[in-house]
Amino acid sequence: MKKLLPLLVLLSVLFLISCDSQPPAADTPEITIDLTQYTIVRPEQATDRIIGAAVSLKQTIDNRYGIQTAIGEDWIKRGGSEDEKPFEICVGRVNRTALSDISFPGSCFTIRMAGSRLFLLGSDDFRTLEAVEYFTENLLPEDGTCLTLPADYCYTSEPVPMLYVLNRGESYFSVVYDENLDNIKTEAENDRRDWEVQWAMDIAGTLNDTAGKTAVTLGQDWDKQALAAPTDSFEILIGTVNRYETHEVMKTLAPSEYTVRVVGNKIVLFGWNLTTLQMAVDAFEDLMQSGITADASFGLAEDFNLTGSTDKWFTDIPPYTGGTLTAAYDAGHGALALLYEDTDWNDYDSYCTSLTADGFSLYLENMLDDNTFATYVNQDAMVHLYWLENTSTVRIVTSARPDVLPPVQIEPDRSPSPYPVTVTQMGLDYDAGNFGMSYIFTLSDGGFVIYDGGGPYGEDEDRLYSLLKTLCPVDEIHIEAWILTHAHGDHYGVLTKFASKYGNEVKLDTLYMNTPDYLEMYNTWNFDQSGDKAIPNAAAAMGGKICKLYTGQYFYTGNGDLRIDVLYTHEALFPTPLTVFNNSSMVTKVRSRAVDTGSQSILFLGDTQTESSGAMTEMYDTALKSDIVQVAHHGYDGASLAVYKQADPAMLLWPTSSAELETQTRDPASGTWYYRIDYSLRYDLHVKEFFPADRVSKQFAFPYEIGSGNVSFPE
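Residues numbered from 1 in each chain as written. Predicted model: local features only at pLDDT ≥ 70, side-chain atom pairs only at ≥ 80, totals over all residues. Heavy atoms only, no water.

Caption draft 1: Just the overall build of the protein chain, in detail. When its secondary structure is counted, the protein chain shows 15 helices and 36 strands. Principal-axis analysis of the C-alpha atoms places the extent of the protein chain at approximately 110 × 55 × 55 Å. Counting all 715 residues of the protein chain, 56% fall into the buried class. Within the protein chain, contacts between residues at least 6 apart in sequence are counted, and of these 67% link residues at least 24 apart. (Helix = DSSP H or I, 4+ residues; strand = E, 2+ residues; numbered from the N terminus. Buried < 20%, exposed > 50% of the residue type's maximum accessible area, 1.4 Å probe, protein only. Contact = heavy atoms within 4.5 Å.)

Rendered as structure tokens:
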């Protein structure tokens, strides 16, 4: 019986529009509309759509006839009358007497004459837009500014049945979201509901507040029969849920589009990522605000389809013709990442050819194991893409062309180096509560590469400046690259304080980083948004620019002393959700390019945790292999043991105190799972040396003879 509700409601509505589409009788008087004398009028309290429709009509008339049509609102001054200015084309439900008795039998629009006024009105905003479109295409004359119509002219479009979410406060609808989302919110700072859950709750709340009771239920998409809930159930579907209707809608949308669409008994709200899904939710909330009636009713036409798009991303690129688009991810800062599955290297190679044919030029190409990476640019845009052998997937990242691209054309200087290349692990003030990590490469030209820097407590910014002064073999402190693994305060806090205090005394070339979009960060545990402004401001204070890096890119520093390969950035994780902010850590591999002493590598994991570890071990076979590895997340719940086994290091940089290292590696039977990993790192792998980050800084040559014990610091 529930399935018949919308139809029964429709049949119960009386047909109250007293006009049809029949030609007028021969003796019907006519009226002439001289467009030069008419004003376009819309409601004083109009939605943006109605305002836009009125403006669009004015522009059409003005452009077609070369006139300036007046436009205004339906407001009447005190003591005035609506008949004072009777020559009006009224768009929407204006406060004119002729519209007071109009209602609609479904979703449709009407165009009618009443005296000298012409009314363009729909059952909702979208049908009103259709009324304006019909008027401009079928009734406006091609030549001249006069339009002649029967004095009782009335045209009504064929009504479309309605799907009612609320009918006088009653409803059989549920608002549905993905069962895998976090639907819990507590007083803890980092315990927030995921956006999709909150949006679903907001929609259900608005409808139930209108009904004055719980008419609309809220639920997850879990279903024992997998992809199909009963087809006769009435649901508002939020995001990527396991419903047939949602998956059918997905096939029709471009990555930058969003939609609110009626499909059978479902209302599908969909966008490929949180950015576009929010637009769909906002559009639906706008529909509720403008469409809920005084008797607590709200519905959409059974053919309703509101589809829009955003220009946030650069998407004017050739289409990828191989595989299937299965996910699109807002990669932050104007970048959009696309995932194509069931594809192969030939599809990837063909797409590279199409980019070249479209005017893009190859800027960078890289191979890591059997994975191929390439960056293409033209004067307007950058396209970075990569083929992953183990998963048969292609990922494409597109954005407007950045101001800074990674320097990739540097050859090593084969003349004797004026200064030795070294690595210094800066001691941090753990007593002050400072944390994080700080590593400094001194280059053969006297410049520096800095990793992270440490947290904001204590005075470690002074310690860093003093250390750079001590290490600097030339007159100017020149930081060629400052690399941030991720935007947690214990990793960028020293950067911001250092830039504020010593920005005028140093020179920074480039700050390298890759942080997620705010909407994506919000859903994560322990996200930190304060760096969004603080980090760029710090770079600017030192005269530097920001370069955003992506998985598979690389760059050189100094005289070519170091080659730094990016093994992971957060866009390589989706469609696995970014649930823990630490999984946004950029993972890089630094390789020494020394001519005489041979090459060596250091793997910087930042605060990498479980999900990003899985992405890397799935992506690579041998690319993680490194001589030296920075222990992830300071030895706490960090990278998986599989990552360390693939890396197989002989030396570990452990960014925590000696005392904490001992605690972390003491008991293999500990109930704390990551302590068992720490124990394995210390005793089960082939590690020869450990470098905890106490207050005492440590320095070694790079390349370094691991196990030599030749470690010092030039105090």
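Caption draft 2: Structural view of the nonpolar core. Ranked by size, the top nonpolar core spans 80 residues in total, and within it Ile236, Val260, Ile267, Phe284 and Trp482 carry the most contacts. Those residues in contact with phenylalanine 284, other than ones at most four positions away along the chain, are Ile203, Ile236, Val260, Ile267, Leu269, Phe298 and Leu300. Ala327, Met382, Leu573 and Leu603 belong to the second-largest nonpolar core, a separate cluster that totals 44 residues. (Core = buried A, V, L, I, M, F, W, Y, C linked by side-chain atoms within 4.5 Å.)

Caption draft 3: Local environment of the pairing of strand S29 (residues 554-557). The alternating pattern of S29 places Tyr554 and Tyr556 and Phe555 and Thr557 on opposite faces, both of which are buried. Summarising the sheet, S29 and strand S30 (residues 562-568) pair through four bridges and their orientation is antiparallel. Considered in S30, the bridge of phenylalanine 555 is made with isoleucine 564. Hairpin geometry of S29 and S30 is characterised by an intervening segment of four residues between the two adjacent antiparallel strands and by a positive phi of about 55 degrees at glycine 558. (Pairing = 2+ DSSP bridges.)

Caption draft 4: Structural detail: unusual backbone geometry. The peptide bond linking phenylalanine 574 to proline 575 adopts the cis configuration, its omega dihedral lying at 15 degrees. With respect to the helices and strands, proline 575 occurs in the loop between S30 and strand S31 (587-592). The amide bond that connects phenylalanine 702 to the next residue, proline 703, takes the cis arrangement and shows omega of 5 degrees. Not every positive phi belongs to a glycine, and arginine 168 is a case in point at roughly 55 degrees. Phi is positive for asparagine 526, close to 65 degrees, though the residue is something other than glycine. Along the chain, asparagine 526 turns up in the loop between helix H10 (518-522) and helix H11 (531-541).

Caption draft 5: Spotlight on the side chain of glutamine 664. Assignment of secondary structure puts glutamine 664 in helix H14 (residues 658-664). Taking the relative accessible area as the measure of exposure, glutamine 664 reaches 0% and is therefore buried. A polar atom in the side chain of glutamine 664 sits 2.8 Å from the side chain of tryptophan 654. Among residues more than four places away in sequence, those in contact with glutamine 664 are His634, Gly635, Tyr636, Trp654, Thr656, Tyr675, Asp678 and Tyr679. (Polar contact = N/O pair within 3.5 Å; in protein donor to acceptor, adjacent residues only side chain to side chain.)

Caption draft 6: Summary view of the sheet that holds strand S24 (residues 438-442). Read from one edge of the open sheet, seven strands run S28-S27-S26-S25-S24-S23-S36, paired in mixed fashion. Unpaired on one side and paired on the other, strand S28 (545-548) and strand S36 (698-701) mark the two borders of the sheet. Ignoring strand direction, the axes of neighbouring strands in this sheet form an average angle of 20 degrees. Those strands touched by H11 are strand S27 (506-513) and S28, and its axis lies near 145 degrees from that of S27. (Axes fitted to C-alpha atoms, helices over the stretch in contact; angles between N-to-C directions.)

Caption draft 7: How the structure looks around the packing of helix H4 (residues 195-211) against helix H6 (residues 274-291). Contact pair H4 / H6: the axes reach a minimum separation of 11 Å and the direction vectors enclose 5 degrees. Viewed along their axes, H4 and H6 adopt a mutual orientation that is roughly parallel. In this structure, H4 contributes Trp195, Glu196, Trp199, Asp202, Ile203, Thr206 and Leu207 to the contact, and H6 contributes Leu274, Leu277, Gln278, Val281, Phe284, Glu285 and Met288. Of the residues assigned to the contact of H4 with H6, the class counts are nine nonpolar, two polar and three charged. (Parallel < 35°, antiparallel > 145°, perpendicular 65-115°, else oblique. Nonpolar A, V, L, I, M, F, W, Y, C, P; charged D, E, K, R; others polar.)

Caption draft 8: Molecular detail of the environment of arginine 112. Within the secondary structure, arginine 112 sits in strand S5 (residues 109-114). Residue arginine 112 is classed as buried on the basis of its relative accessible area of 11%. For the pair arginine 112 and proline 150, spaced 38 residues apart in the sequence, the C-alpha separation amounts to 9.7 Å.

Caption draft 9: View of the side chain of threonine 372. The topology assignment puts threonine 372 in strand S20 (residues 371-377). Owing to a relative accessible area of 6%, threonine 372 belongs among the buried residues under this scheme. A distance of 3.4 Å separates the side chain of threonine 372 from the side chain of tryptophan 345, its partner in a polar contact. Leaving out residues up to four positions away in the same chain, threonine 372 has contacts with Trp345, Tyr348, Glu365, Asn366, Met367, Leu385, Tyr386 and Trp387.

Caption draft 10: Spatial organisation of H11. Inspection of H11 places Gly531, Ile535, Ala538 and Ala539 among the buried residues, and these make up the whole buried set. Taken down its axis, H11 places every buried residue within 100 degrees of arc, on the same side. In H11, those exposed residues whose orientation departs by more than 90 degrees from the buried face are Lys533, Asn537 and Ala540. If you follow the buried residues of H11, they end up packed against helix H9 (489-502), S27 and S28. Within two residues after H11, glycine 543 carries a phi angle of roughly 80 degrees, on the positive side. (Arc of directions from axis to C-beta.)

Caption draft 11: Region of interest: the pattern of salt bridges. Counted under the stated rule, the structure contains 21 salt bridges. Salt-bridge contacts for glutamate 88 lead to arginine 117; the nearest nitrogen and oxygen are separated by 2.7 Å. Pair noted here: glutamate 88 is in strand S4 (residues 88-91) and arginine 117 is in strand S6 (residues 117-122), with a separation of 29 residues, a long-range link. Considered together, glutamate 88 and arginine 117 belong to a single accessibility category, that of buried residues. Taking the shortest distance from any N to any O, the salt bridge between glutamate 170 and lysine 213 comes out at 2.9 Å. Taken together, the residues span a long stretch of sequence, with glutamate 170 in the loop between strand S9 (162-166) and strand S10 (173-177) and lysine 213 in the loop between H4 and strand S11 (217-220) at a distance of 43 residues. Bridged by salt links that share partners, the residues Asp83, Glu88, Arg96 and Arg117 form one connected network. (Salt bridge = Lys/Arg side-chain N within 4 Å of Asp/Glu carboxyl O.)

Caption draft 12: Up close: the packing of helix H8 (residues 460-471) against H9. Where H8 meets H9, the closest approach of the two axes is 8 Å, and the angle between their N-to-C directions is 70 degrees. One element, H8, and the other, H9, form an angle in the roughly perpendicular class. Note that H8 runs across H9; the crossing there is right-handed. Together, Asp460, Glu461, Asp462, Leu464, Tyr465 and Leu468 of H8 and Val494, Lys497, Phe498, Lys501 and Tyr502 of H9 make up the contact between the two elements. Of the residues belonging to the contact of H8 with H9, the class tally is six nonpolar, no polar and five charged. (Left-handed = near helix turned anticlockwise from the far one by under 90°.)

Caption draft 13: Looking closely at the confidence of the model for the protein chain. Residues at a pLDDT of 70 or more form 93% of the protein chain, whose mean pLDDT is 89. Low pLDDT, under 50, characterises residues 224-228; the predicted model gives this stretch seven contacts beyond four residues in sequence or across chains. (pLDDT = per-residue confidence, 0-100.)

Caption draft 14: Spotlight on the sheet that holds strand S33 (residues 628-630). As summarised here, the arrangement of the seven strands in space is S29-S30-S31-S32-S33-S34-S35, forming an open sheet in which the pairing is mixed. Each edge of the sheet is formed by a strand with only one pairing partner; in this case those strands are S29 and strand S35 (689-692). Averaged over neighbouring strand pairs, the angle between their axes works out to 20 degrees when direction is ignored. Pairing analysis gives four bridges linking S31 to strand S32 (residues 601-604), with the strands arranged antiparallel. Among the inter-strand pairings, valine 590 is bridged to a residue of S32, identified as isoleucine 602.

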